[in-house]
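This is what each chain is made of:
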Amino acid sequence: MSTFKYVGLTAPGQLGYVEAPVPSPGEKEVLVKVEYAAVVPFDLYNMDLEFFVSDYPYRLGLSGAGTIEKVGLNVDDLKVGDRVTFAAFAFPNKALLDYTVQPRSLVSKIPDSLPLEKAVTYPDNFATAFYTLFSQIGLPIPTEYPSKSSPPKSAAPILVYGGGATSGQYMIQLLALAGYKNIITAASKHHEDYLRSLGATHVVDYRSPSFVEEILAAAGGKAEIIIDVIALSDTFRDIHTKLITPGGSIAFLGPFKLGSGSLTATDGNLVSEVLEEVKGWFAEDVSLIVVQTLFFQKDERLANTLLPVILSKFLEDGLIAPNPTRVFEEGDLLARVQGAIELVRSNKANGQKIVVKLA
(Lines give C-alpha, C1' and ligand atoms only; values in the text may rest on other atoms or scores of the structure.)
Protein backbone atom coordinates (compact mmCIF):
# COMPACT_ATOMS: atom_id res chain seq x y z
CA MET A 1 0.00 0.00 0.00
CA SER A 2 1.33 3.41 -0.97
CA THR A 3 1.87 5.88 1.85
CA PHE A 4 2.74 9.55 2.25
CA LYS A 5 3.83 11.86 5.06
CA TYR A 6 1.93 14.94 6.16
CA VAL A 7 2.37 17.56 8.86
CA GLY A 8 -0.32 17.39 11.52
CA LEU A 9 -0.93 17.68 15.23
CA THR A 10 0.81 14.85 17.03
CA ALA A 11 -0.17 16.07 20.52
CA PRO A 12 -1.78 19.24 21.97
CA GLY A 13 0.14 22.20 20.55
CA GLN A 14 2.68 20.02 18.74
CA LEU A 15 3.28 19.68 15.01
CA GLY A 16 5.10 16.76 13.47
CA TYR A 17 5.29 14.38 10.53
CA VAL A 18 2.74 11.59 10.32
CA GLU A 19 2.66 8.71 7.83
CA ALA A 20 -0.65 7.67 6.30
CA PRO A 21 -1.82 5.42 3.45
CA VAL A 22 -2.91 7.05 0.22
CA PRO A 23 -6.71 6.77 0.42
CA SER A 24 -9.14 5.66 -2.27
CA PRO A 25 -12.33 7.54 -3.10
CA GLY A 26 -15.70 5.96 -2.45
CA GLU A 27 -18.98 6.61 -4.22
CA LYS A 28 -19.48 10.29 -5.13
CA GLU A 29 -15.96 11.08 -3.89
CA VAL A 30 -12.70 12.11 -5.53
CA LEU A 31 -9.05 11.73 -4.58
CA VAL A 32 -7.17 15.03 -4.88
CA LYS A 33 -3.41 15.41 -5.17
CA VAL A 34 -3.11 18.61 -3.14
CA GLU A 35 -0.55 21.22 -4.15
CA TYR A 36 -1.61 24.18 -1.98
CA ALA A 37 -3.50 24.41 1.30
CA ALA A 38 -4.52 27.40 3.39
CA VAL A 39 -3.88 27.93 7.10
CA VAL A 40 -6.67 29.79 8.91
CA PRO A 41 -7.58 30.70 12.52
CA PHE A 42 -9.63 27.49 12.80
CA ASP A 43 -6.34 25.56 12.57
CA LEU A 44 -5.11 27.56 15.56
CA TYR A 45 -8.28 26.70 17.48
CA ASN A 46 -7.43 23.05 16.81
CA MET A 47 -3.80 23.42 17.80
CA ASP A 48 -3.91 25.79 20.76
CA LEU A 49 -7.33 25.07 22.25
CA GLU A 50 -8.09 21.52 21.01
CA PHE A 51 -11.30 22.89 19.49
CA PHE A 52 -13.06 20.07 17.56
CA VAL A 53 -10.09 17.74 18.24
CA SER A 54 -11.09 14.29 19.51
CA ASP A 55 -7.82 12.35 19.16
CA TYR A 56 -4.29 12.44 17.74
CA PRO A 57 -2.72 12.57 15.25
CA TYR A 58 -5.06 15.28 13.94
CA ARG A 59 -5.13 16.71 10.43
CA LEU A 60 -5.30 20.42 9.58
CA GLY A 61 -6.52 22.58 6.72
CA LEU A 62 -10.00 23.68 5.61
CA SER A 63 -9.28 24.53 1.97
CA GLY A 64 -6.96 23.17 -0.67
CA ALA A 65 -6.27 23.14 -4.38
CA GLY A 66 -4.71 20.58 -6.68
CA THR A 67 -5.55 18.01 -9.35
CA ILE A 68 -7.87 15.03 -9.47
CA GLU A 69 -5.91 11.82 -8.94
CA LYS A 70 -8.83 9.38 -9.03
CA VAL A 71 -12.62 9.53 -9.16
CA GLY A 72 -15.06 7.29 -7.34
CA LEU A 73 -18.26 5.70 -8.57
CA ASN A 74 -21.01 8.01 -9.82
CA VAL A 75 -18.69 10.96 -10.38
CA ASP A 76 -19.16 11.69 -14.06
CA ASP A 77 -18.37 15.42 -14.29
CA LEU A 78 -14.73 15.30 -13.14
CA LYS A 79 -11.81 13.31 -14.52
CA VAL A 80 -8.20 12.55 -13.66
CA GLY A 81 -6.05 15.64 -14.19
CA ASP A 82 -8.80 18.22 -13.67
CA ARG A 83 -7.70 21.23 -11.63
CA VAL A 84 -9.89 21.79 -8.58
CA THR A 85 -10.24 23.59 -5.29
CA PHE A 86 -12.19 22.23 -2.34
CA ALA A 87 -13.51 22.95 1.15
CA ALA A 88 -12.35 20.23 3.53
CA PHE A 89 -15.44 20.19 5.73
CA ALA A 90 -15.93 16.40 5.72
CA PHE A 91 -13.75 15.43 8.69
CA PRO A 92 -11.31 13.72 8.99
CA ASN A 93 -10.39 14.33 5.35
CA LYS A 94 -8.74 17.72 5.69
CA ALA A 95 -6.68 19.80 3.23
CA LEU A 96 -3.13 20.04 4.58
CA LEU A 97 -2.30 16.65 3.07
CA ASP A 98 -0.59 15.45 -0.10
CA TYR A 99 -3.61 13.27 -0.82
CA THR A 100 -7.15 13.78 0.39
CA VAL A 101 -10.52 12.23 -0.38
CA GLN A 102 -13.34 14.76 -0.67
CA PRO A 103 -17.06 14.48 -1.47
CA ARG A 104 -17.88 15.70 -4.97
CA SER A 105 -20.25 18.20 -3.35
CA LEU A 106 -17.34 20.07 -1.75
CA VAL A 107 -15.16 20.34 -4.87
CA SER A 108 -15.10 23.10 -7.50
CA LYS A 109 -13.52 22.73 -10.91
CA ILE A 110 -11.39 25.76 -11.76
CA PRO A 111 -10.42 27.34 -15.10
CA ASP A 112 -6.93 26.78 -16.48
CA SER A 113 -6.20 30.50 -16.16
CA LEU A 114 -6.57 30.49 -12.36
CA PRO A 115 -3.35 29.66 -10.46
CA LEU A 116 -3.80 27.00 -7.80
CA GLU A 117 -2.29 29.25 -5.12
CA LYS A 118 -5.09 31.74 -5.83
CA ALA A 119 -7.80 29.10 -6.21
CA VAL A 120 -7.19 27.89 -2.66
CA THR A 121 -8.49 31.21 -1.29
CA TYR A 122 -12.02 30.60 -2.57
CA PRO A 123 -13.85 27.55 -1.23
CA ASP A 124 -14.07 28.11 2.54
CA ASN A 125 -14.43 31.90 2.27
CA PHE A 126 -16.90 31.82 -0.63
CA ALA A 127 -18.99 29.17 1.11
CA THR A 128 -18.95 31.23 4.30
CA ALA A 129 -19.97 34.45 2.57
CA PHE A 130 -22.69 32.93 0.41
CA TYR A 131 -24.15 30.84 3.24
CA THR A 132 -24.14 33.81 5.62
CA LEU A 133 -25.87 36.20 3.24
CA PHE A 134 -28.34 34.00 1.39
CA SER A 135 -29.10 31.28 3.95
CA GLN A 136 -28.48 32.48 7.49
CA ILE A 137 -29.51 36.13 7.02
CA GLY A 138 -32.01 35.16 4.36
CA LEU A 139 -31.29 37.65 1.59
CA PRO A 140 -32.88 36.50 -1.70
CA ILE A 141 -30.56 34.45 -3.90
CA PRO A 142 -30.13 36.27 -7.23
CA THR A 143 -31.05 34.41 -10.39
CA GLU A 144 -27.96 35.80 -12.13
CA TYR A 145 -24.71 37.60 -11.32
CA PRO A 146 -24.29 40.51 -11.53
CA SER A 147 -27.97 40.92 -10.73
CA LYS A 148 -29.85 42.96 -13.35
CA SER A 149 -32.63 43.80 -10.90
CA SER A 150 -32.39 45.43 -7.50
CA PRO A 151 -33.27 43.24 -4.51
CA PRO A 152 -35.73 44.44 -1.85
CA LYS A 153 -34.18 47.11 0.37
CA SER A 154 -31.18 47.36 -1.94
CA ALA A 155 -30.36 50.85 -0.57
CA ALA A 156 -30.61 49.87 3.10
CA PRO A 157 -27.23 50.02 4.89
CA ILE A 158 -25.44 46.72 5.49
CA LEU A 159 -22.38 46.76 7.73
CA VAL A 160 -19.60 44.23 7.18
CA TYR A 161 -17.47 44.44 10.30
CA GLY A 162 -14.02 43.16 9.32
CA GLY A 163 -14.27 43.71 5.58
CA GLY A 164 -10.50 43.55 5.21
CA ALA A 165 -10.45 39.97 6.51
CA THR A 166 -10.47 37.26 3.86
CA SER A 167 -14.11 36.26 4.42
CA GLY A 168 -15.14 39.91 4.58
CA GLN A 169 -13.70 40.52 1.11
CA TYR A 170 -16.03 37.88 -0.31
CA MET A 171 -19.02 39.26 1.64
CA ILE A 172 -18.51 42.67 0.02
CA GLN A 173 -18.16 41.24 -3.48
CA LEU A 174 -21.26 39.06 -3.21
CA LEU A 175 -23.37 41.91 -1.83
CA ALA A 176 -22.27 44.15 -4.71
CA LEU A 177 -22.95 41.44 -7.29
CA ALA A 178 -26.39 40.88 -5.75
CA GLY A 179 -27.28 44.54 -6.26
CA TYR A 180 -26.90 46.09 -2.81
CA LYS A 181 -25.96 49.76 -2.98
CA ASN A 182 -25.02 50.76 0.58
CA ILE A 183 -22.26 48.40 1.69
CA ILE A 184 -20.41 49.84 4.68
CA THR A 185 -17.36 48.13 6.06
CA ALA A 186 -15.15 48.51 9.11
CA ALA A 187 -11.54 47.81 8.27
CA SER A 188 -8.00 49.13 8.51
CA LYS A 189 -7.53 52.38 6.62
CA HIS A 190 -4.89 50.92 4.33
CA HIS A 191 -7.50 48.49 2.94
CA GLU A 192 -9.82 51.30 1.83
CA ASP A 193 -8.96 51.54 -1.87
CA TYR A 194 -9.00 47.78 -2.33
CA LEU A 195 -12.31 47.28 -0.53
CA ARG A 196 -13.91 50.07 -2.55
CA SER A 197 -12.73 48.32 -5.70
CA LEU A 198 -14.56 45.18 -4.49
CA GLY A 199 -17.82 47.09 -4.02
CA ALA A 200 -17.76 48.76 -0.60
CA THR A 201 -19.44 52.17 -0.69
CA HIS A 202 -18.02 53.35 2.66
CA VAL A 203 -14.88 52.21 4.49
CA VAL A 204 -14.53 53.33 8.11
CA ASP A 205 -11.30 52.84 10.05
CA TYR A 206 -12.16 50.55 12.96
CA ARG A 207 -9.43 52.23 15.02
CA SER A 208 -11.03 55.68 14.71
CA PRO A 209 -11.98 57.22 18.07
CA SER A 210 -15.23 58.38 16.43
CA PHE A 211 -15.89 55.03 14.78
CA VAL A 212 -19.53 54.66 15.88
CA GLU A 213 -20.40 58.18 14.80
CA GLU A 214 -18.74 57.67 11.41
CA ILE A 215 -20.67 54.44 10.82
CA LEU A 216 -23.96 56.11 11.75
CA ALA A 217 -23.18 59.00 9.40
CA ALA A 218 -22.31 56.67 6.52
CA ALA A 219 -25.45 54.60 7.12
CA GLY A 220 -27.74 57.54 7.66
CA GLY A 221 -28.74 55.95 10.95
CA LYS A 222 -28.51 52.47 12.40
CA ALA A 223 -28.08 49.36 10.28
CA GLU A 224 -30.67 46.62 9.81
CA ILE A 225 -27.98 44.03 9.07
CA ILE A 226 -24.52 43.65 10.61
CA ILE A 227 -22.18 40.89 9.52
CA ASP A 228 -19.26 40.41 11.90
CA VAL A 229 -16.49 38.20 10.52
CA ILE A 230 -14.30 38.69 13.62
CA ALA A 231 -16.80 37.98 16.45
CA LEU A 232 -15.07 39.43 19.52
CA SER A 233 -17.26 39.95 22.58
CA ASP A 234 -15.97 43.48 23.19
CA THR A 235 -17.15 44.52 19.73
CA PHE A 236 -20.65 43.25 20.37
CA ARG A 237 -20.96 44.97 23.74
CA ASP A 238 -19.30 48.29 22.90
CA ILE A 239 -20.11 48.79 19.21
CA HIS A 240 -22.88 46.63 17.78
CA THR A 241 -25.28 47.57 20.57
CA LYS A 242 -25.01 51.16 19.30
CA LEU A 243 -25.32 50.37 15.61
CA ILE A 244 -28.09 47.80 15.18
CA THR A 245 -31.63 49.00 14.54
CA PRO A 246 -34.57 47.51 16.50
CA GLY A 247 -35.62 44.29 14.80
CA GLY A 248 -32.29 44.03 13.01
CA SER A 249 -30.02 41.03 12.52
CA ILE A 250 -26.40 40.46 13.52
CA ALA A 251 -24.74 37.47 11.91
CA PHE A 252 -21.30 36.47 13.12
CA LEU A 253 -18.86 33.80 12.06
CA GLY A 254 -18.54 31.22 14.80
CA PRO A 255 -16.96 30.56 17.10
CA PHE A 256 -17.59 33.62 19.27
CA LYS A 257 -14.47 34.83 21.11
CA LEU A 258 -15.66 35.58 24.62
CA GLY A 259 -13.44 37.85 26.69
CA SER A 260 -10.76 37.84 24.00
CA GLY A 261 -8.95 40.54 22.10
CA SER A 262 -7.40 37.97 19.80
CA LEU A 263 -8.65 36.48 16.55
CA THR A 264 -7.26 33.16 17.68
CA ALA A 265 -8.83 33.48 21.14
CA THR A 266 -5.77 32.25 22.98
CA ASP A 267 -6.59 34.70 25.79
CA GLY A 268 -10.30 33.90 25.98
CA ASN A 269 -12.93 31.23 25.41
CA LEU A 270 -14.47 29.96 22.19
CA VAL A 271 -18.25 29.64 22.22
CA SER A 272 -20.29 27.93 19.51
CA GLU A 273 -23.64 29.39 20.54
CA VAL A 274 -25.14 32.73 21.53
CA LEU A 275 -24.86 33.07 25.31
CA GLU A 276 -27.68 34.51 27.38
CA GLU A 277 -25.23 37.14 28.63
CA VAL A 278 -24.69 38.34 25.07
CA LYS A 279 -28.39 38.28 24.24
CA GLY A 280 -28.96 40.53 27.23
CA TRP A 281 -26.91 43.31 25.64
CA PHE A 282 -29.51 43.74 22.88
CA ALA A 283 -33.21 44.39 22.53
CA GLU A 284 -35.30 41.22 22.45
CA ASP A 285 -36.23 41.72 18.78
CA VAL A 286 -32.62 41.78 17.57
CA SER A 287 -31.66 38.47 15.93
CA LEU A 288 -28.21 37.11 16.79
CA ILE A 289 -27.18 34.52 14.21
CA VAL A 290 -24.15 32.29 14.67
CA VAL A 291 -22.85 31.13 11.28
CA GLN A 292 -21.27 27.66 11.28
CA THR A 293 -20.13 27.19 7.71
CA LEU A 294 -18.97 23.63 8.34
CA PHE A 295 -22.66 22.68 8.35
CA PHE A 296 -23.81 24.67 5.31
CA GLN A 297 -24.97 21.49 3.57
CA LYS A 298 -27.94 21.34 5.94
CA ASP A 299 -29.44 23.93 3.58
CA GLU A 300 -30.79 21.66 0.86
CA ARG A 301 -30.66 24.47 -1.71
CA LEU A 302 -26.88 24.71 -1.31
CA ALA A 303 -25.83 21.19 -0.31
CA ASN A 304 -24.90 19.96 -3.78
CA THR A 305 -24.68 23.23 -5.69
CA LEU A 306 -22.76 25.86 -3.72
CA LEU A 307 -19.24 24.66 -4.55
CA PRO A 308 -19.57 22.36 -7.57
CA VAL A 309 -22.01 24.59 -9.47
CA ILE A 310 -22.26 28.14 -8.11
CA LEU A 311 -18.60 28.72 -7.25
CA SER A 312 -17.42 26.96 -10.42
CA LYS A 313 -19.63 29.28 -12.48
CA PHE A 314 -18.34 32.37 -10.65
CA LEU A 315 -14.77 31.26 -11.39
CA GLU A 316 -15.49 30.39 -15.01
CA ASP A 317 -17.04 33.83 -15.55
CA GLY A 318 -14.31 35.66 -13.62
CA LEU A 319 -16.87 37.40 -11.41
CA ILE A 320 -15.11 37.37 -8.06
CA ALA A 321 -11.54 38.27 -7.13
CA PRO A 322 -9.40 35.94 -5.00
CA ASN A 323 -7.89 37.07 -1.74
CA PRO A 324 -4.36 38.41 -1.79
CA THR A 325 -2.04 35.61 -0.70
CA ARG A 326 1.11 35.02 1.28
CA VAL A 327 2.58 31.71 0.15
CA PHE A 328 5.01 29.71 2.29
CA GLU A 329 7.13 27.66 -0.11
CA GLU A 330 10.68 27.77 1.28
CA GLY A 331 12.29 25.16 3.52
CA ASP A 332 10.90 21.74 4.38
CA LEU A 333 7.19 21.18 4.82
CA LEU A 334 7.25 21.30 8.62
CA ALA A 335 9.02 24.67 8.53
CA ARG A 336 6.49 25.99 6.02
CA VAL A 337 3.52 24.93 8.13
CA GLN A 338 5.10 26.31 11.30
CA GLY A 339 5.79 29.63 9.61
CA ALA A 340 2.24 29.89 8.30
CA ILE A 341 0.74 29.06 11.69
CA GLU A 342 2.90 31.59 13.50
CA LEU A 343 1.86 34.31 11.08
CA VAL A 344 -1.82 33.54 11.64
CA ARG A 345 -1.29 33.35 15.40
CA SER A 346 0.32 36.80 15.40
CA ASN A 347 -2.76 38.31 13.70
CA LYS A 348 -0.49 39.73 11.00
CA ALA A 349 -2.10 38.14 7.97
CA ASN A 350 -3.13 41.67 6.94
CA GLY A 351 -6.03 40.66 4.71
CA GLN A 352 -4.03 37.90 3.01
CA LYS A 353 -4.90 34.24 2.77
CA ILE A 354 -1.99 32.32 4.27
CA VAL A 355 -1.07 29.47 1.95
CA VAL A 356 1.35 26.54 2.21
CA LYS A 357 2.81 24.91 -0.87
CA LEU A 358 2.79 21.14 -0.38
CA ALA A 359 4.24 19.78 -3.60
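Look a little higher up for the structure.
The structure contained in this document is the topic of the report that follows. (Residues numbered from 1 in each chain as written. Predicted model: local features only at pLDDT ≥ 70, side-chain atom pairs only at ≥ 80, totals over all residues. Heavy atoms only, no water.)

### Considerations on the overall build of the protein
Here comes step 1: Counting its regular elements, the protein contains ten helices and 17 strands.
Here comes step 2: In summary, the protein has a C-alpha radius of gyration of 20 Å against a globular reference of 21 Å for 359 residues, a match within 12%.
Here comes step 3: Taking the principal axes of its C-alpha atoms as reference, the protein extends roughly 65 × 45 × 35 Å.
Here comes step 4: Within the protein, buried positions represent 58% of all 359 residues.
Here comes step 5: Computed over 31 positive and 40 negative side-chain charges, the inter-centroid distance for the protein is 3 Å. (Helix = DSSP H or I, 4+ residues; strand = E, 2+ residues; numbered from the N terminus. Rg over C-alpha atoms; globule rule 2.2 N^0.38 Å. Buried < 20%, exposed > 50% of the residue type's maximum accessible area, 1.4 Å probe, protein only. Lys, Arg positive; Asp, Glu negative; His and termini not counted. Charge placed at Lys NZ, Arg CZ, Asp CG, Glu CD.)

### Here's the deal with the pairing of strand S2 (residues 14-21)
Here comes step 1: When strand S1 (residues 3-11) meets S2, the two strands line up antiparallel, connected through eight bridges. Bridging across to S2, Val7 finds its partner in Tyr17.
Here comes step 2: Linking S1 back to S2 in an antiparallel pair, the connection comprises two residues, with Gly13 at a positive phi of about 75°. (Pairing = 2+ DSSP bridges.)

### Some remarks on the packing of helix H6 (residues 211-219) against helix H7 (residues 233-243)
Here comes step 1: Taken N-terminus to C-terminus, the directions of H6 and H7 make an angle of 25°; their axes are 10 Å apart at the nearest point. In terms of axis orientation, H6 runs roughly parallel to H7. Classified by chirality, the crossing of H7 by H6 is right-handed. Facing Phe211, Val212, Ile215 and Leu216 of H6, the residues of H7 in contact are Ile239, Lys242 and Leu243.
Here comes step 2: When the residues that make up the contact of H6 with H7 are grouped by side-chain class, the tally is six nonpolar, no polar and one charged. (Axes fitted to C-alpha atoms, helices over the stretch in contact; angles between N-to-C directions. Parallel < 35°, antiparallel > 145°, perpendicular 65-115°, else oblique. Left-handed = near helix turned anticlockwise from the far one by under 90°. Contact = heavy atoms within 4.5 Å. Nonpolar A, V, L, I, M, F, W, Y, C, P; charged D, E, K, R; others polar.)

### Focus: the environment of Gly220
Here comes step 1: For Gly220, the position within the fold is in the loop between H6 and strand S11 (223-228).
Here comes step 2: Between the C-alpha atom of Gly220 and that of Ala156, which follows or precedes it by 64 residues, the distance is 9.4 Å.

### Overview of the packing of aromatic side chains
Here comes step 1: This model, assessed by the stated rule, comprises 20 aromatic pairs.
Here comes step 2: Between Tyr145 and Phe314, the aromatic rings sit 4.7 Å apart at their centres with planes inclined by 50°, giving tilted as the arrangement. In this pair, Tyr145 is assigned in the loop between helix H3 (123-136) and strand S8 (158-161) and Phe314 in helix H9 (residues 306-317), connecting sequence segments 169 residues apart. Assigned by exposure class, Tyr145 and Phe314 land together as buried.
Here comes step 3: By way of ring pairs, the aromatic residues Phe42, Tyr45, Phe51, Phe52 and Phe91 are connected into one cluster.
Here comes step 4: The ring of Tyr99 is capped by Lys33, whose NZ or CZ atom sits 5.5 Å from the centre of that ring.
Here comes step 5: In this structure, Lys298 packs its charged tip against the face of Phe295, placed 5.1 Å from the ring centre. (Phe/Tyr/Trp six-rings, centres within 6.5 Å; stacked < 30°, edge-to-face > 60°. Lys NZ or Arg CZ within 6 Å of the ring centre and 35° of its normal.)

### Comments concerning the packing of H3 against helix H4 (residues 166-177)
Here comes step 1: The interhelical angle for the contact between H3 and H4, taken along N-to-C directions, is 50°, at an axis separation of 8 Å. In this view, H3 runs oblique relative to H4, as classed from their interaxial angle. Viewed along their axes, H3 and H4 form a crossing whose handedness is right-handed. Facing Asn125, Phe126, Thr128, Ala129, Phe130, Thr132, Leu133 and Phe134 of H3, the residues of H4 in contact are Thr166, Ser167, Tyr170, Met171, Leu174 and Leu175.

### Focus on the pattern of salt bridges
Here comes step 1: According to the stated counting rule, one finds 14 salt bridges in the structure shown.
Here comes step 2: A salt bridge links Glu224 to Lys153, with the nearest nitrogen and oxygen atoms 3.3 Å apart. In this pair, Glu224 is assigned in strand S11 and Lys153 in the loop between H3 and S8, connecting sequence segments 71 residues apart.
Here comes step 3: Owing to a relative accessible area of 58%, Lys153 belongs among the exposed residues under this scheme.
Here comes step 4: Here Glu192 and Arg196 are joined by a salt bridge, their closest N and O atoms 3.1 Å apart. (Salt bridge = Lys/Arg side-chain N within 4 Å of Asp/Glu carboxyl O.)

### Points about the sheet that holds strand S12 (residues 244-253)
In a beta sheet, neighbouring strands pair by backbone hydrogen bonds and run either parallel or antiparallel.
Here comes step 1: Ordered by their spatial adjacency, six strands build an open sheet running S10-S9-S8-S11-S12-S15, and the pairing between neighbours is parallel. Edge positions in the sheet fall to strand S10 (202-205) and strand S15 (287-291), since each of these pairs with one other strand and no more. Sheet twist, expressed as the mean angle between neighbouring strand axes with direction ignored, is 20°.
Here comes step 2: Inspection of the sheet shows S8 paired to strand S9 (residues 183-187) by four bridges, in the parallel sense. Note that in S9 the partner of Ile158 across the bridge is Ile183.
Here comes step 3: In the packing of H3 onto the sheet, contacts are made with S11, S12 and S15, and the angle to S15 comes to roughly 145°.
Here comes step 4: Packing against the sheet, H4 makes contact with S8, S9, S11 and S12, and its axis sits at approximately 160° to S8.

### Details of the nonpolar core
Here comes step 1: Grouped together as the largest cluster of nonpolar side chains are 92 residues, with contacts concentrated most on Phe126, Phe130, Leu133, Phe211 and Ile227.
Here comes step 2: A total of seven residues in this core trace back to one element, the largest contributor, which is H3.
Here comes step 3: Those residues in contact with Phe130 that sit more than four places away from it in its chain are Ser135, Ile141, Tyr145, Leu174, Leu302, Leu306 and Ile310.
Here comes step 4: One finds Leu78, Val84, Phe86 and Leu96 within the second-largest nonpolar core, a separate group that totals 34 residues. (Core = buried A, V, L, I, M, F, W, Y, C linked by side-chain atoms within 4.5 Å.)

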